[in-house]
Amino acid sequence: MEMDMSVEEIKGLIDVKLDMMLLFPEDKAALIDDIKKLRSRLIEVA
């Protein structure tokens, strides 16, 4: 999914996931995992 995304797109996706944590607290663990994966991908891209 995030393999061909730009740095800005990945940062935007992280922001969306953070917002989703507020809306869906029951999915917090899965969202945190997603954010960790996105951050590591961000490091690779940048």
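Residues numbered from 1 in each chain as written. Predicted model: local features only at pLDDT ≥ 70, side-chain atom pairs only at ≥ 80, totals over all residues. Heavy atoms only, no water.

### Remarks on helix 2 (residues 28-45)
Relative to the 26 Å expected for 18 residues at 1.5 Å per residue, helix 2 spans 25 Å between its end C-alpha atoms, a close match to the ideal helical length. Every buried residue of helix 2 is accounted for by Leu31, Ile35, Leu38, Arg41 and Leu42. For helix 2, the angular spread of buried residues about the axis comes to 125°, placing them on one side. Seen from the buried face of helix 2, the exposed residues on the opposite side, beyond 90 degrees, are Ala29, Lys36, Lys37, Ile43 and Glu44. Against the buried residues of helix 2 lie helix 1 (7-23). (Helix = DSSP H or I, 4+ residues; strand = E, 2+ residues; numbered from the N terminus. Expected span 1.5 Å × (residues − 1). Buried < 20%, exposed > 50% of the residue type's maximum accessible area, 1.4 Å probe, protein only. Arc of directions from axis to C-beta. Contact = heavy atoms within 4.5 Å.)

### Remarks on the pattern of salt bridges
Inspection of every chain in the model, using the stated rule, returns two salt bridges. The partner of Arg41 in a salt bridge is Glu44, and the shortest N-O contact between them spans 2.8 Å. One end of the pair, Arg41, and the other, Glu44, are both in helix 2, three residues apart, so they sit about a helical turn from each other. A residue is classified by how much of its surface remains accessible, and Arg41, at 15% relative accessible area, is buried. Take Glu44: its relative accessible area is 56%, and that puts it in the exposed class. (Salt bridge = Lys/Arg side-chain N within 4 Å of Asp/Glu carboxyl O.)

### Some remarks on the packing of helix 1 against helix 2
Here helix 1 crosses helix 2 at 165°, and the two axes come no closer than 10 Å. Of the possible angle classes, the one that applies to helix 1 and helix 2 is roughly antiparallel. Helix-helix and strand crossings are classified by hand; for helix 1 and helix 2 the assignment is left-handed. Within the contact between the two elements, helix 1 uses Val7, Ile10, Lys11, Leu13, Ile14, Lys17, Leu18, Met20 and Met21 and helix 2 uses Lys28, Leu31, Ile32, Asp34, Ile35, Leu38, Arg39, Arg41, Leu42 and Val45. Here the residues of the contact of helix 1 with helix 2 are counted per class, giving 13 nonpolar, no polar and six charged. (Axes fitted to C-alpha atoms, helices over the stretch in contact; angles between N-to-C directions. Parallel < 35°, antiparallel > 145°, perpendicular 65-115°, else oblique. Left-handed = near helix turned anticlockwise from the far one by under 90°. Nonpolar A, V, L, I, M, F, W, Y, C, P; charged D, E, K, R; others polar.)

### Considering the side chain of Lys17
With respect to the element layout, Lys17 can be found in helix 1. Here Lys17 is in contact with Leu31, Asp34, Ile35 and Leu38, once residues within four sequence places are set aside.

Purely geometric stuff here, so don't read any function into it on its own.
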